[in-house]
Amino acid sequence: MAERGQLPPPAKRLCCRPGYGSACRPGQRAGGAGPGSGALCAGPSSAAAAAALGLLPLGKTQSPESLLDIAARKVAEKWPFQRVEERFERIPEPVQRRIVYWSFPRSEREICMYSSFNTGADDPAAAAAGGVATAPGGAADPAAAADENRLPFRRGIALLDGGCVDNVLQVGFHLSGTVTEPAMQSEPETVCNVAISFDRCKITSVTCSCGNKDIFYCAHVVALSLYRIRKPDQVKLHLPISETLFQMNRDQLQKFVQYLITVHHTEVLPTAQKLADEILSQNSEINQVHGAPDPTAGASIDDENCWHLDEEQVQEQVKLFLSQGGYHGSGKQLNLLFAKVREMLKMRDSNGARMLTLITEQFMADPRLSLWRQQGTAMTDKYRQLWDELGALWMCIVLNPHCKLEQKSSWLKQLKKWNSVDVCPWEDGNHGNDLPNLTNALPQGANANQDSSNRPHRTVFTRAIEACDLHWQDSHLQHIISSDLYTNYCYHDDTENLLFDSQGWPLWHEHVPTACARVDALRSHGYPREALRLAIAIVNTLRRQQQKQLEMFRAQKKDHVGQCKSLEYHHLPAHKLFEEGESYLTLAVEVALIGLGQQRIMPDGLYAQEKVCRNEEQLISKLQEIELDDTLVKIFRKQAVFLLEAGPYSGLGEVIHRESVPMHTFAKYLFTSLLPHDAELAYKTALRAMRLLVLESTAPLGDMSRPHHIASVVPNRYPRWFTLSHIESQQCELASTMLTAAKGDVRRLETVLESIQKNIHSSSHIFKLAQDAFKIATLLDSLPDITLLKVSLELGLQVMRMTLSTLNWRRREMVRWLVTCATEVGVYALDSIMQNWFTLFTPTEATSIVATTVMSNSTIVRLHLDCHQQEKLASSARTLALQCAMKDPQNCALSALTLCEKDHIAFETAYQIVLDAATTGMSYSQLFTIARYMEHRGYPMRAYKLATLAMTHLNLSYNQDTHPAINDVLWACALSHSLGKNELAAIIPLVVKSVKCATVLSDILRRCTLTTPGMVGLHGRRNSGKLMSLDKAPLRQLLDATIGAYINTTHSRLTHISPRHYSEFIEFLSKARETFLMAHDGHIQFTQFIDNLKQIYKGKKKLMMLVRERFG
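Residues numbered from 1 in each chain as written. Predicted model: local features only at pLDDT ≥ 70, side-chain atom pairs only at ≥ 80, totals over all residues. Heavy atoms only, no water.

(A) Representation of the overall build of the protein. If you tally the helices and strands in the protein, you get 47 helices and eight strands. Counting across all 1112 residues of the protein, residues that qualify as buried make up 48%. Sequence-distant contacts, at least 24 apart, represent 73% of the contacts inside the protein between residues at least 6 apart. A total accessible area of about 55200 Å² is found for the protein, and carbon and sulfur atoms account for 54% of it. (Helix = DSSP H or I, 4+ residues; strand = E, 2+ residues; numbered from the N terminus. Buried < 20%, exposed > 50% of the residue type's maximum accessible area, 1.4 Å probe, protein only. Contact = heavy atoms within 4.5 Å. Areas by Shrake-Rupley, 256 points an atom, 1.4 Å probe, with all protein chains shown as cover.)

Here you go:
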């Protein structure tokens, strides 16, 4: 009911008694049953009605449908009931009943569509048949079945089948009833009151007391709707309530109203009194309007005829899914909503566009858009794909072949509004202005390279906006989509844009993406046959154009032999004959191969480039599902030959643009498909595809005609290719596939190896190929393939050369693997890499890894070498070691000495190299290491010599009492002490000069006084047998240096000493006293030293007090 000051709701159109003003229904109603009378819906023609609904099979015993039912059904589908009332002065009551009866939806497909997401079946109403979800193998899928059974549509069927629907009543265009929800373990039985309004076979509004908050109808609405569809003869039907009221006199009306108030006085009494007051007031708004609203009277002329869609819930659900940011399956839910839009479009339901508008508004209101724009960050890949689907759906909607101009104008206005928003995502995710206009090919000629910054950014809606300019009125296009027999055999091959081919089949010349968008729109809007006809015309056009391109290129090659033309690439369609015996499958496969093989420039932007790769992989994945037969193999052969010979049209042509999208993934699929049938063609195709010109250091001459590409050629070797690592991995996969297939074929292996070495520029990928070839060549179930092993070794050598002068964290792994591979190839390979080590390895790698591994026992055993072969390898290893030692003595001298141990001359040569380098290029740590090695090998005098050389490079300051070289100094002094007094006397001056640390000097001094020099020297050396005197050289010099070091260290420590270090300092002085007392006048010296400290540092009272307590 309308409140004061408000007009009645539009859904409840106004009805009035005859003669009550100009808006009244003209004429009287035909007589009929008395007030309150009702009739079953089906009436006398229930059998025919049931047959029309598909509920009963038509049999010989059934009567034909009456003319009344046929007419009423058509009127109920197309006309709002108000138009029927205004058109005819007298409408007999039986006619009214049949129109009301037929106005309820008759198909369960729409009920299913509005009560569940698409379950994956082609027919949404398949669920109505009661089928169970099955797995691909044919077995029932319990999880899928459980999910499907939770859908409102399935639950509604269960409620209907369980007899839970009751009190079903149809009053005019209003259906009501109760649905009992059975008791569950945790919930009691509940009864839901359901009300449904409908018009022209569409449900226009639903209410249910269950309080369901969702996009879709609840199970109770489904149950009541299906009850009305499946059991129309059990539903009591009444005319609209206004019709009944028209038949009552004043007493009956008063009695009706009073009884109604009595039954529902608590709910309606305040409203009844309010309405009564307004009616009795002459100036009230309610008296200014003719008639009164009737919710059961059907739609008015102005009402939009569409299914009920809860717009608020759609917006809330989309907003919720977007706020979850891709978590909790929100991306999947949004894709299901998009699928629902496509389902509506297929059913030609106007709510498809309405629902997509609601979704788009929420997408545009996503706060993350402005945040990402401010931060300069890209949206996530999954989120970006949702935007792509949004734009594609708008393309389908505006290309609806039967939409009205006012509808298209409204959509265009809305699209332009979204397009103008600053945060609207760009078409390619980055540079939205670099893609071609929808209705044109790539720009050609002098204006092709105009400054793109002057053009507006292309957004995800740009193509849909451009599609609004397209139409379906072209007579040739109309003929194509309307008939399978549209042909013309008047063929002249002298025109570029012919309407028919030589076989008379129609062609359609249009920018391929635009033509394909038409096909998608036809299919999406429920015109599959028309879409198929247009698709065939497009394929025929592509094939014919393809053949023309081939002929043109061959002619150009004859006219311009040896010339490299400047190339301008654009997307041109192609075509050939529609031959007998072809099927839709062969056409689909062929057009897929045509599309995959077309040459195209890599787009700008990370997302656009990822999309190129993803789309290619998805299409190939679809093709891989098809089992190739002889017919398809012929198509593969034909397309492969064409792609190799077609010139600039083909991505596999002889000359391609430097930034053309690589064909590696596609060529791998072609190779594996053709290999069992035509190996020569398979290899030729794959080898042609191996190139990756974007990584070449120089550009082809053709590029010079495109000035805007020169900048990306010279200064930058990797121009804006964000997917380069993926592309290189695909190139590597293609090469690996060929290597695997070529096992055992020497000629093919050599060809593949040459292609890899020429075209692959990544050392890591070449190393992977080398490893793959090695694994394939050394499979356990067969003898090693020596040719493939040589390929593996050759690739490994190339990796070594590529990474020799560059940093690579896998370098050591690569070197070790190469030695392993060379070992498998044979002794000559090992000898070869050692003789050519300087082109493959650093000196350190050559000595520490290569030569050491070659000389190991495991290698000798693995190769079963005889003495001669062992000696030859050893000689090469020694030569390598000496060469490396000469080049890098710091890192290779020790390895060279180790490798040359068994050859006296080589060993002496290595030792001399060490001595020569000791004075200039080697550090004390390296010399100490070699000296210890010499002592270990029984050369103490050489060890001593090297130790003294090391001491000249060493410098230990007073506070470096934890220096790593201390152990080496102590070892050197011990070695000198063991050799004799002369050696010790020679090294002590070096120690005094190099070591300023008091604790280290005192340790050396104490060790030298414990034993007699030369006691542990070489056999045969004569020793004095007496301890060395501290009063004579060389120990006197060491003692004085030690005392001096303690004095200097003491003053240094006192300069910045803190109270927490006082006790440590007292212990330090105690050690100093021990050293002082080793001198004959040490006691006096120490006393004077302490007295000086007391005088100089008398301000440190606490510390000096501790000194007095300990030392007096």
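Following the structure, the description resumes.
(B) Representation of the packing of aromatic side chains in the model. Considering all chains together, one arrives at 26 aromatic pairs under this definition. With 5.2 Å between their ring centres and 55 degrees between their planes, Phe81 and Phe173 make a pair best called tilted. With Phe81 in helix H3 (residues 81-87) and Phe173 in the loop between strand E3 (165-171) and strand E4 (174-181), the pair connects residues that are 92 residues apart, well separated along the chain. Each member of the pair, Phe81 as well as Phe173, is classed as buried. Each ring, one from Tyr486 and one from Phe500, has its centre 5.2 Å from the other, and the planes form 65 degrees; the classification is edge-to-face. With a gap of 14 residues between them, Tyr486 in the loop between helix H19 (475-482) and helix H20 (512-524) and Phe500 in the loop between H19 and H20 connect regions that are remote in the sequence. Just as Tyr486 is buried, Phe500 falls in that class too. An aromatic cluster of three or more residues is present, and its members are Phe338, Phe363, Trp372, Tyr383, Trp387, Trp394, Trp418 and Phe461. Here the guanidinium or amino end of Arg73 rests over the ring plane of Trp102, the centre of that ring lying 5.3 Å away. (Phe/Tyr/Trp six-rings, centres within 6.5 Å; stacked < 30°, edge-to-face > 60°. Lys NZ or Arg CZ within 6 Å of the ring centre and 35° of its normal.)

(C) Molecular detail of unusual backbone geometry. One non-glycine residue with positive phi stands out, namely Asn167, at about 55 degrees. Overall, the relative accessible area of 52% leaves Asn167 in the exposed class. Located in the positive-phi region is Arg348, a residue other than glycine, with phi close to 60 degrees. Following the sequence through the fold, Arg348 ends up in the loop between helix H13 (330-346) and helix H14 (351-364).

(D) View of helix H34 (residues 843-854). For H34, the full list of buried residues reads Pro843, Glu845, Ala846, Thr847, Ile849, Val850, Ala851 and Val854. In this fold, the buried residues of H34 make contact with helix H32 (811-825), helix H33 (827-835), helix H35 (857-863), helix H36 (867-887) and helix H37 (889-899).

(E) Inspection of the nonpolar core at higher detail. Counting 279 residues, the largest nonpolar core has Phe363 and Phe461 as its most contacted members. The element contributing the most residues to this core is helix H16 (residues 381-398), with 10 residues. Not counting residues within four places of it along the chain, the set of residues in contact with Phe363 comprises Val318, Leu322, Leu334, Phe338, Leu369, Tyr383, Leu386, Trp387 and Leu390. Judged by nonpolar contacts, the second largest core, of nine residues, contains Val661, Leu692, Leu724 and Ile727. (Core = buried A, V, L, I, M, F, W, Y, C linked by side-chain atoms within 4.5 Å.)

(F) Structural view of a nonpolar patch on the surface. A cluster of nonpolar residues, Ile241, Phe256, Val257 and Leu260, forms a patch on the protein surface that exposes about 290 Å² of accessible area. By residue number, the principal contributor to the nonpolar patch is helix H10 (residues 250-263), which donates three residues. With respect to the helices and strands, the residue Ile241 is situated in helix H9 (residues 241-246). (Patch = residues over 30% accessible without salt bridge, like charges linked within 9 Å, V, L, I, M, F, W, Y side chains within 5 Å. Salt bridge = Lys/Arg side-chain N within 4 Å of Asp/Glu carboxyl O.)

(G) Representation of the pairing of E4 in the model. Within E4, six of the eight residues are buried, which leaves the element mostly enclosed by the surrounding structure. Two strands pair when backbone bridges link them, and E3 and E4 are joined in this way by five bridges, in the antiparallel orientation. Within E4, the position partnered with Gln170 by the bridge is Leu175. Sheet analysis places E4 next to strand E5 (residues 190-199), joined by eight bridges and oriented antiparallel. (Pairing = 2+ DSSP bridges.)

(H) Up close: the side chain of Lys1094. Checked against the element boundaries, Lys1094 lands in helix H46 (residues 1082-1096). In this view, Lys1094 contacts Met1104, Val1107, Arg1108 and Gly1112; residues no more than four positions away in its chain are not counted.

(I) Highlighting the pattern of salt bridges. Here the structure, examined in full by the defined rule, presents 45 salt bridges. A salt bridge links Glu389 to Arg342, with the shortest nitrogen-to-oxygen separation between them at 3.1 Å. Here Glu389 is found in helix H16, whereas its partner Arg342 is found in helix H13, with 47 residues between them in sequence. The exposure class of Glu389 is partly exposed, given its relative accessible area of 22%. Judged by relative accessible area, which is 24%, Arg342 ranks as partly exposed. One salt bridge in this structure joins Arg1007 and Asp1003, with 3.2 Å as the shortest N-O distance.

(J) Expanded view of the environment of Thr1050. Positionally, Thr1050 belongs in helix H44 (residues 1035-1055). Expressed as a C-alpha distance, the spacing of Thr1050 and Phe1068, which sit 18 residues apart in the sequence, is 8.4 Å. Contacts of Thr1050, omitting those with residues within four sequence positions, involve Phe1065, Phe1068, Leu1069, Phe1089 and Leu1093.

(K) Expanded view of the packing of helix H30 (residues 763-777) against H32. Across the interface, H30 lies against H32 with an axial gap of 12 Å and an inter-helix angle of 30 degrees. As H30 runs across H32, the sense of the crossing is left-handed. Along the contact surface, H30 presents Phe767, Ala770, Gln771 and Phe774, while H32 presents Glu813, Met814, Trp817, Thr820, Cys821 and Glu824. Across the contact of H30 with H32, the residue classes tally to six nonpolar, two polar and two charged. (Axes fitted to C-alpha atoms, helices over the stretch in contact; angles between N-to-C directions. Left-handed = near helix turned anticlockwise from the far one by under 90°. Nonpolar A, V, L, I, M, F, W, Y, C, P; charged D, E, K, R; others polar.)

(L) Focus on the pairing of E3. Between E3 and E4, which pair antiparallel in sequence order, lie two residues; one of them, Gly172, sits at a positive phi of approximately 60 degrees. Pairing geometry for E3 and strand E7 (residues 236-238), over three bridges, is parallel. Bridging from a neighbouring strand, Leu169 pairs with Lys236 of E7.

(M) Local environment of the packing of helix H28 (residues 724-741) against helix H29 (residues 746-759). At a closest axis distance of 10 Å, the pairing of H28 and H29 adopts a crossing angle of 165 degrees. Relative to H29, H28 is oriented roughly antiparallel. Here H28 runs over H29; the crossing is left-handed. Contact residues: Gln731, Ala735, Met738 and Leu739 in H28; Leu749, Val752, Ile756 and Asn759 in H29. (Parallel < 35°, antiparallel > 145°, perpendicular 65-115°, else oblique.)

(N) Expanded view of the confidence of the model for the protein. In this model, the protein carries an average pLDDT of 80, and 82% of its residues clear a pLDDT of 70 or more. Below pLDDT 50 for its whole length, residues 1-11 participates in 18 contacts with residues either more than four positions away or in separate chains. Confidence drops under pLDDT 50 across residues 119-140; counting only partners more than four residues distant or on other chains, this segment forms 33 contacts. (pLDDT = per-residue confidence, 0-100.)

(O) Highlighting H29. Under the 1.5 Å per step criterion, the end-to-end length of H29 is 20 Å for 14 residues, consistent within 8% with the ideal 20 Å. All of the buried residues along H29 are Arg748, Leu749, Val752, Leu753, Ser755, Ile756 and Asn759. All buried residues of H29 project into a common sector of 165 degrees when viewed along the axis, lining one side. Away from its buried face by more than 90 degrees, H29 exposes Glu754 and Lys758. (Expected span 1.5 Å × (residues − 1). Arc of directions from axis to C-beta.)

(P) Representation of the side chain of Arg748 in the model. Note on placement: Arg748 falls in helix H29. Accessibility expressed as a relative area gives 11% for Arg748, which makes it buried. Not counting the four nearest positions on each side in its chain, Arg748 is found in contact with Ala679, Glu680, Tyr683 and Ala742.

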